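Structural characterization, general
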Amino acid sequence: MALEPLQVGSVTLDPVLIGLALAGLAVLALIVLAIVLIVHMSRRKQEASASDAHLGELKVRLQTLAEISVTRHGELARAVNERLDRMTHKVGTDLNETARRTHESISKLNERLAVIDTAQKNLTDLSSNMVSLQEILANKQARGAFGQMRMEAIVQDGLPVGAYTFQATLSNGKRPDCLLHMPNTPAGVVIDAKFPLEGFEAFRVARRDEEKKVAARQVRIDVGRHIEAMAERYLIAGETQDTAILFVPSEAIYADLAEHFSDIVQKAHRARIVICAPNMLMLAVQTMQAILKDVQMREQAHLIQREVASLMEDMGRFRDRVLDLQRHFGQANADIDKILTSSEKITKRGQKIESLDFEEEAKAELAKKNDSARPPVAAAAPPAPQAQPARVERPRSEGPRIIRQPDLLAGE
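Residues numbered from 1 in each chain as written. Predicted model: local features only at pLDDT ≥ 70, side-chain atom pairs only at ≥ 80, totals over all residues. Heavy atoms only, no water.

This next bit is on the overall build of the chain. From N to C terminus, the chain includes ten helices and seven strands. Considering the chain as a whole, with its 412 residues, one finds that 17% of them fall into the buried category. Taking the contacts inside the chain whose residues are at least 6 apart along the sequence as the reference set, 60% of them involve residues at least 24 apart. Working note: accessible area of the chain is about 31,600 Å², and carbon and sulfur atoms make up 59% of it. (Helix = DSSP H or I, 4+ residues; strand = E, 2+ residues; numbered from the N terminus. Buried < 20%, exposed > 50% of the residue type's maximum accessible area, 1.4 Å probe, protein only. Contact = heavy atoms within 4.5 Å. Areas by Shrake-Rupley, 256 points an atom, 1.4 Å probe, with all protein chains shown as cover.)

So, on to the packing of aromatic side chains. Per the counting criterion, the structure on display carries one aromatic pair. Taking 5.1 Å as the distance between ring centres and 45 degrees as the angle between the ring planes, the aromatic pair formed by Y164 and F166 counts as tilted. A relative accessible area of 21% places F166 in the partly exposed class. (Phe/Tyr/Trp six-rings, centres within 6.5 Å; stacked < 30°, edge-to-face > 60°.)

All right, on to the nonpolar core then. Of all hydrophobic cores here, the largest spans 27 residues; its most connected members are F195, F200, L257 and F261. Of all elements in the fold, only helix 3 (198-205), helix 4 (209-234), strand 6 (244-247), helix 5 (251-260), helix 6 (262-270) and strand 7 (273-276) reach the threshold of two or more residues within this core. Once you skip the residues sitting within four places of it in the chain, F261 turns out to touch F200, F203, A216, V219, R220 and D256. (Core = buried A, V, L, I, M, F, W, Y, C linked by side-chain atoms within 4.5 Å.)

For the structure shown, the criterion picks out eleven salt bridges. The closest approach of N and O atoms between E57 and R61, which form a salt bridge, is 2.6 Å. Taken together, the positions of E57 and R61, both in helix 1 (residues 15-138) and four residues apart, correspond to about one turn of that helix. Between E228 and K267 there is a salt bridge, with the nearest N and O atoms lying 3.2 Å from each other. With a gap of 39 residues between them, E228 in helix 4 and K267 in helix 6 connect regions that are remote in the sequence. (Salt bridge = Lys/Arg side-chain N within 4 Å of Asp/Glu carboxyl O.)

The next thing to look at is the environment of T169. Mapped onto the fold, T169 is located in the loop between strand 3 (164-166) and strand 4 (178-181). For T169, a relative accessible area of 54% corresponds to the exposed category. For the pair formed by T169 and L179, sequence separation is ten residues and the distance between their alpha carbons is 9.3 Å. The residues contacting T169, other than those within four sequence positions of it, are K174 and R175.

Right, let's get into the packing of helix 4 against helix 6. At their nearest, the axes of helix 4 and helix 6 sit 10 Å apart, and the two run at 10 degrees to each other. Regarding the angle of helix 4 to helix 6, the classification is roughly parallel. When helix 4 is examined against helix 6, the residues V219, R220, V223, G224, I227 and E228 are found in contact with a partner set consisting of D263, I264, K267 and A268. Here the contact of helix 4 with helix 6 is built from residues that sort into five nonpolar, one polar and four charged. (Axes fitted to C-alpha atoms, helices over the stretch in contact; angles between N-to-C directions. Parallel < 35°, antiparallel > 145°, perpendicular 65-115°, else oblique. Nonpolar A, V, L, I, M, F, W, Y, C, P; charged D, E, K, R; others polar.)

Below, the discussion takes up the confidence of the model for the chain. Within the chain, residue pLDDT values average 76, and 79% of them lie at 70 or more. Summarising per-element confidence for the chain, the mean pLDDT is lowest in helix 10 (residues 405-409) (40) and highest in strand 6 (88). Note that residues 377-412 has pLDDT below 50 and, in this model, 19 contacts with residues that lie over four places away or in other chains. (pLDDT = per-residue confidence, 0-100.)

This part takes up unusual backbone geometry. Most of the time, phi is negative for any residue but glycine, and the peptide bond is trans. Its identity is not glycine, yet Q167 carries a phi of approximately 55 degrees, on the positive side. The exposure class of Q167 is partly exposed, given its relative accessible area of 30%.

In space, the five strands of this open sheet follow the order 3-4-5-6-7, with mixed pairing throughout. Two strands lie at the open edges of the sheet, namely strand 3 and strand 7, each paired on one side alone. Strand after strand, the sheet turns through a mean of 25 degrees between neighbouring axes, direction not considered. For strand 4 and strand 5 (residues 188-192), the ladder comprises four bridges, and the chain directions are antiparallel. In the sheet register, H181 faces strand 5, and the bridge partner there is G188. Strands strand 5, strand 6 and strand 7 of the sheet are contacted by helix 4, whose axis makes an angle of about 145 degrees with strand 6. (Pairing = 2+ DSSP bridges.)

Attention shifts here to a positive patch on the surface. A cluster of basic residues, K345, K348, R349 and K352, forms a positive patch at the surface. Considering the arrangement of structural elements, one finds K348 in helix 8 (residues 301-355). (Patch = residues over 30% accessible without salt bridge, like charges linked within 9 Å, V, L, I, M, F, W, Y side chains within 5 Å. Lys, Arg positive; Asp, Glu negative; His and termini not counted. Charge placed at Lys NZ, Arg CZ, Asp CG, Glu CD.)

On to helix 3, then. For helix 3, the complete set of buried residues consists of G199, F200 and F203. The buried residues of helix 3 occupy an angular sector of 100 degrees when the element is viewed end-on, so they sit on one face. On its buried face, helix 3 sits against helix 4 and helix 5. (Arc of directions from axis to C-beta.)

Right, let's get into a nonpolar patch on the surface. Residues L22, L25, L28, V32 and V36 make up a contiguous nonpolar surface patch of roughly 460 Å² in combined accessible area. Looking at where L25 falls in the secondary structure, it is placed in helix 1.

Okay, the environment of A237 next. Relative to the helices and strands, A237 resides in the loop between helix 4 and strand 6. Between the C-alpha atom of A237 and that of A187, which follows or precedes it by 50 residues, the distance is 8.1 Å.

Attention now moves to the pairing of strand 5. Within strand 5, five of the five residues are buried, which leaves the element mostly enclosed by the surrounding structure. With antiparallel pairing between neighbouring strands as the criterion, strand 4 and strand 5 make up a hairpin whose turn holds six residues, including N184 at a positive phi of roughly 65 degrees. In this structure, strand 5 lies alongside strand 6, joined through two bridges in parallel fashion. Bridged to I191 within strand 6 is I245.

Turning to helix 7 (residues 278-299), a few remarks are in order. With 22 residues, helix 7 should reach 32 Å at 1.5 Å per residue; the first-to-last C-alpha distance of 31 Å fits that figure. Every buried residue of helix 7 is listed here: P278, L281, V285, M288, L292 and V295. Around the axis of helix 7, the buried residues are gathered within 100 degrees of arc, so they sit on the same side. Opposite the buried face of helix 7, by more than 90 degrees, sit the exposed residues N279, L283, K293, M297 and R298. (Expected span 1.5 Å × (residues − 1).)

As structure tokens, this is what we get:
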């Protein structure tokens, strides 16, 4: 069926042409759409390839990151393990050191506890001994025996046997505790160890001033009476020295006596009684020992002089023998010098023989012989010319040969 043309205003349109135009437009649109699709697909392909490359790169990075993470994790684990090992070793060492120090401290503590136990035991024994000593000092007879024992120990330690006598009997029948024998005189020094201590004990334990005054008065009475008794009993002219010693067995009591009872000390000095503590008695004994040694040295002076004379004689003989030895050494040195001179001469001659140095000696010998064999010549006549000695060649196989002047004249 034929299509009718369309009338649009004054323009007539052919439907076929319109269809063809529409078909061309559709084709053109399809072509454009295909191009767009192709471009889009190419872009998608490029984007896909780029994505694949990016994904590959990300995969590589992730793999590298994973490897680094594994390596770091291993290093971290190893570092943590090493740190834990060091910490464990250090903790173990510290624990061992602490245990050792604790053991040493406990050992030292046990030792100190043992020392403390020993000291406590010693203190207990000392306290018992102090109680016993207090009981001894409370008894007058025991106190006298204690002072006698200390005095005898000091004297026996300081003086030789024979320089003292314990409980010696004097001409008046009295028996002092000790009599020291002085050299070069029959009069000895008396030592009394019976010092009254009752008043001092009361003075020590007194708390009120009235009690102290009463105890001090008792001390002055007791010690004054004992000093007077000593001066009456032990100071005998010609038999004992004009000074006696009153021994106090305690340094503390002597200090109290010198501090609080100076009037008693002065009274004792006026009575020629010397109050001595153990240290002062020891000093007096040592002084007496020095005096005894000096006296013994004087008594043995003639023996010492004789020994010195013998020593001087021996020294003279020793000097003579040293001088003899010196002369022998001088003679030996002179002989050695002579031997050295002879050895030097022998050495020089040996050197001459070794170098065959005989020409100078041969010339001197020829000159002497020519002078002796020459006939006398007239004074006017000119001197005859002397023949010169021919030079001699030394054969290598023979020794040196010397040609003398008479042999030349003979025509040799």
